[in-house]
Amino acid sequence: MASSQISNKQEPGRREPGKPGLPATAWAVLGLLSFPGERTGYELKKWADSSLRFFYWSPAISQVYAELRRLEDLGYAASTRSGPEEVRAKRRYAITEAGRAALTGWASDTAEAGPPVLKHGLLLRVWLGHLAEPERLRALVEEHVERTRGELDSVRAALERAGDEAGWAFPRLTLRWSERQHLAELELAGAMLADLAALEASGGPGQGAGDAPTAG
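Remember, predicted model here, so these are calculated numbers, not experimental data.

Glancing now at the overall build of the protein chain. Of regular secondary structure, the protein chain possesses 7 helices and 4 strands. When the elements of the protein chain are put in sequence order from the N terminus, they spell out β-α-β-α-α-β-β-α-α-α-α. With 216 residues in all, the protein chain has 33% of them scored as buried. Looking at the protein chain alone, contacts between residues at least 24 apart form 64% of all its contacts between residues at least 6 apart. Working note: accessible area of the protein chain is about 14,500 Å², and carbon and sulfur atoms make up 55% of it.

Take a look at the structure:
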């Protein structure tokens, strides 16, 4: 087998290992590398699509490669380039000891992780429901229900793929959380449809007077 070219770059003057101000995307990519095996950037993206996106988000492929370069520069990841036996050359990445130590420190940090951020496009539309036809609002919620059911199927498929392997115990916990979250989203959407129906039956919203209902 042809020898591989190993790259484990670290430029002088960088922050000490374990102390970089890395963005969450970098830690997420390094976290993907913390599981056994070497993976290409494309494989990392596919894995993020079937795991991270259910409870956080999935970085674009360009973000994955940008963070891999950053992690190599810090000495947190090393890459191996495939030899001439492969038709298309591939670069596979693995976490280094320094990277695992830094990630362990970040994962066990006692600092507040911060509140979850909800950006619900459907609710923004409903918030502006006074500008929309009731039928269109109902259709939007019903479309959201169908989309959520599809996502729930994807989460359950990911859970099935994870199996009972001990090494996937914590990813399974996050997937179960996501499963419950999608079930709750379906319940909330059903309640929203009932609320919309009740509002329409009452004759629609009244013409409010005065300023917007803000505090203070």
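Back to the text.
Glancing now at the confidence of the model for the protein chain. With 83% of its residues at a pLDDT of 70 or more, the protein chain has an overall mean of 86. The weakest mean pLDDT in the protein chain belongs to strand S1 (residues 5-7) at 39; the strongest belongs to helix H3 (residues 61-73) at 97. Low confidence marks residues 1-18, where pLDDT is under 50. Its contacts with residues over four positions away, or in another chain, come to 38 contacts.

Positionally, Pro-171 belongs in helix H7 (residues 169-201). For Pro-171 and Leu-159, which are 12 residues apart along the polypeptide, the C-alpha to C-alpha distance reads 8.8 Å.

With respect to the helices and strands, Arg-39 occurs in strand S2 (residues 39-40). One polar contact links the side chain of Arg-39 to the main-chain carbonyl oxygen of Pro-36, over a distance of 3.0 Å. Non-local contacts of Arg-39, meaning those with residues more than four positions away in its chain, are made with Leu-32, Leu-44, Trp-47, Arg-91, Arg-92 and Tyr-93.

The subject of this paragraph is the packing of helix H1 (residues 24-33) against helix H4 (residues 97-107). One can describe the packing of H1 onto H4 by two numbers: an axis separation of 10 Å at closest approach and a directional angle of 120°. For the element pair H1 / H4, the angle class is oblique. For the element pair H1 and H4, the recorded crossing hand is left-handed. Side by side, H1 and H4 meet where Trp-27, Leu-30 and Gly-31 of the first sit next to Gly-99, Ala-102, Leu-103 and Trp-106 of the second. Within the contact of H1 with H4, the residues separate by chemical class into 5 nonpolar, 2 polar and no charged.

Our next topic: the nonpolar core. Core analysis: the largest hydrophobic core is formed by 22 residues, its most contacted members being Leu-22, Leu-30, Leu-33, Leu-44, Leu-68, Leu-71 and Tyr-76. For this core, the elements supplying multiple residues, two or more each, are H1, helix H2 (41-49), H3, strand S4 (91-95) and H4. Counting residues per element, this core draws most heavily on H1, which supplies 7 residues. Once residues lying within four places of it in the same chain are set aside, the contact partners of Leu-44 are Val-29, Leu-32, Leu-33, Arg-39, Val-64 and Leu-68. Residues Leu-137, Val-141, Leu-152 and Ala-189 belong to the second largest nonpolar core, which totals 11 residues.

Using the criterion set out here, one finds 7 salt bridges in the structure. Across the pair Arg-156 and Glu-179 runs a salt bridge, and its minimum N-O distance is 2.8 Å. Here Glu-179 lies in helix H7 and Arg-156 lies in helix H6 (residues 134-162), a separation of 23 residues in the sequence.

The subject of this paragraph is the packing of aromatic side chains. Between two aromatic rings, the relevant description is the distance of the centres plus the angle of the planes. Per the stated rule, a full pass over the model turns up 5 aromatic pairs. The interplanar angle of 65° and the centroid separation of 5.2 Å between the aromatic rings of Phe-35 and Trp-47 together place this pair among those described as edge-to-face. Linking Phe-35 in the loop between H1 and S2 with Trp-47 in helix H2, this pair joins segments that are 12 residues apart in sequence. Residue class for Phe-35 comes out partly exposed when judged on its relative accessible area of 22%. Since its relative accessible area comes to 16%, Trp-47 is described here as buried. Between the aromatic rings of Phe-35 and Trp-168, the centroid separation amounts to 5.1 Å while the plane-to-plane angle is 15°, which identifies the pairing as stacked. Residue Phe-35 is located in the loop between H1 and S2, and its partner Trp-168 is located in the loop between H6 and H7; the two are separated by 133 residues in the primary sequence. Taken together, the ring pairs connect Phe-35, Trp-47 and Trp-168 into an aromatic cluster.

Each value, and the rule that gives it
- Residues numbered from 1 in each chain as written.
- Predicted model: local features only at pLDDT ≥ 70, side-chain atom pairs only at ≥ 80, totals over all residues.
- Heavy atoms only, no water.
- Helix = DSSP H or I, 4+ residues; strand = E, 2+ residues; numbered from the N terminus.
- Buried < 20%, exposed > 50% of the residue type's maximum accessible area, 1.4 Å probe, protein only.
- Contact = heavy atoms within 4.5 Å.
- Areas by Shrake-Rupley, 256 points an atom, 1.4 Å probe, with all protein chains shown as cover.
- pLDDT = per-residue confidence, 0-100.
- Polar contact = N/O pair within 3.5 Å; in protein donor to acceptor, adjacent residues only side chain to side chain.
- Axes fitted to C-alpha atoms, helices over the stretch in contact; angles between N-to-C directions.
- Parallel < 35°, antiparallel > 145°, perpendicular 65-115°, else oblique.
- Left-handed = near helix turned anticlockwise from the far one by under 90°.
- Nonpolar A, V, L, I, M, F, W, Y, C, P; charged D, E, K, R; others polar.
- Core = buried A, V, L, I, M, F, W, Y, C linked by side-chain atoms within 4.5 Å.
- Salt bridge = Lys/Arg side-chain N within 4 Å of Asp/Glu carboxyl O.
- Phe/Tyr/Trp six-rings, centres within 6.5 Å; stacked < 30°, edge-to-face > 60°.

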